[in-house]
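# An overview of the molecular structure
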Amino acid sequence: STNMMICLTCGAVFEESQIAVDELEFDDNQNAAGTFMDVNHQTYFYPGGRNILSQMLDPSQRNLKNTFKIMEKTAKILTIPDNVLKMAERIYKRASNEKFTQGRKTELLVGAILYLACRNNNTKHLLIDFSEVLRINVFLIGSIYIKLVRFLGLNIKIIDPTIYMPRFCNKFNFGSREKEVEKTALK
């Protein structure tokens with residue numbers, strides 16, 4: 001039979017699936033407690049409390065959801081296009097499946113993987129942008145980026161630095177001479 005996973009507080013439906021429940025009990029505060037089994041026959045013990053969804057997901061699924069949330073927030077702040085974000089998610093899944101992510105901080109991985117996706121799509125993002133948003137040392141993100149590229153056996157193209165010229169000329173506030181300075185710099 002198909003069951004729904006709902007929030008016990010607000011009634012929101014999180015997931016519809018087959019879940020077998022064994023020994024479901026309620027504590028004094030009407031919180032569910034018991035052992036749950038999902039369709040893949042993985043068992044999770046839920047000791048009670050309000051957040052039934054996060055307790056029932058296996059740890060790797062919780063980690064994946066958390067990482068993708070951080071990626072989405074970072075991408076939104078840096079105005080990274082959706083197609084680049086989706087590529088970063090695929091890169092993360094591959095790196096995770098090949099055990100590259102184990103033992104590494106999530107924010108470092110997010111910065112390195114988003115930067116890799118941006119490089120593959122020729123966006124105008126710099127490694128320092130990810131460092132500033134994630135508040136992590138740029139050299140640490142760069143180190144993970146280099147290890148990731150080597151680990152995945154990728155061949156990354158060299159960036160044409162002229163794509164950054166308008167960005168830097170704008171930051172220097174040259175005023176009406178900005179285009180002239182940019183043209184000279186490009187030469």
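The structure we're discussing is the one just above.
The present account deals with the structure reproduced in this document. (Residues numbered from 1 in each chain as written. Predicted model: local features only at pLDDT ≥ 70, side-chain atom pairs only at ≥ 80, totals over all residues. Heavy atoms only, no water.)

Approximately 260 Å³ is the volume found for the largest pocket. Lining the largest pocket we find 14 residues, and of these Ser-60, Asn-63, Tyr-92, Ser-96 and Thr-101 sit closest to its centre. Listing elements by their share of the lining of the largest pocket, those giving two or more residues are α2 (59-77), α3 (82-97) and α4 (106-120). At 5 residues, α2 tops the list of elements feeding residues into the lining of the largest pocket. Across the lining of the largest pocket, the residue classes break down as 3 nonpolar, 9 polar and 2 charged. (1 Å grid on protein atoms, 1.4 Å probe; cavity = no way out; pocket = protein on both sides within 12 Å on 5 of 7 lines; lining within 4 Å. Points joined across faces, edges and corners; volume = space filled by probe spheres on them. Helix = DSSP H or I, 4+ residues; strand = E, 2+ residues; numbered from the N terminus. Nonpolar A, V, L, I, M, F, W, Y, C, P; charged D, E, K, R; others polar.)

Throughout the structure, instances matching the rule amount to 4 aromatic pairs. Considering the side-chain rings of Phe-100 and Phe-151, the 5.1 Å spacing of their centres and the 40° angle between planes classify their relative orientation as tilted. Taken as a pair, Phe-100 in the loop between α3 and α4 and Phe-151 in helix α6 (residues 138-152) lie far apart in primary sequence, 51 residues in all. Relative to Phe-130, the ring of Tyr-115 lies with its centre 6.0 Å away and its plane at 70°, an arrangement referred to as edge-to-face. On the criterion of sequence distance, the pair formed by Tyr-115 in helix α4 and Phe-130 in helix α5 (residues 127-134) is long-range, its members being 15 residues apart. One exposure class covers both Tyr-115 and Phe-130, and it is buried. An aromatic cluster of three or more residues is present, and its members are Tyr-115, Phe-130 and Tyr-145. Between the NZ or CZ atom of Arg-104 and the centre of the ring of Phe-100, over which it lies, the distance is 4.0 Å. (Phe/Tyr/Trp six-rings, centres within 6.5 Å; stacked < 30°, edge-to-face > 60°. Buried < 20%, exposed > 50% of the residue type's maximum accessible area, 1.4 Å probe, protein only. Lys NZ or Arg CZ within 6 Å of the ring centre and 35° of its normal.)

Turning our eyes to something else, we now look at the environment of Val-181. Within the fold, Val-181 resides in helix α8 (residues 178-186). In this structure Val-181 comes out as partly exposed when scored by relative accessible area, which is 26%. Taking C-alpha positions, Val-181 is 7.3 Å from Cys-169, a pair spaced 12 residues apart along the chain.

Moving on to the environment of Tyr-115. Classification of Tyr-115 as buried rests on a relative accessible area of 9%. Along the chain, Tyr-115 and Tyr-145 lie 30 residues apart, while their C-alpha atoms are 7.7 Å from each other. Once residues within four sequence positions are removed from consideration, Tyr-115 is found in contact with His-125, Leu-126, Leu-127, Phe-130, Tyr-145 and Ile-159. (Contact = heavy atoms within 4.5 Å.)

This next bit is on the packing of α5 against α6. In the contact formed by α5 and α6, the axes pass within 9 Å of each other and the chain directions differ by 120°. In terms of orientation, α5 lies oblique with respect to α6. Note on packing geometry: the crossing formed by α5 with α6 is right-handed. When α5 is examined against α6, the residues Leu-127, Ile-128, Phe-130 and Ser-131 are found in contact with a partner set consisting of Val-138, Ile-141 and Gly-142. When its residues are assigned to classes, the contact of α5 with α6 shows 5 nonpolar, 2 polar and no charged. (Axes fitted to C-alpha atoms, helices over the stretch in contact; angles between N-to-C directions. Parallel < 35°, antiparallel > 145°, perpendicular 65-115°, else oblique. Left-handed = near helix turned anticlockwise from the far one by under 90°.)

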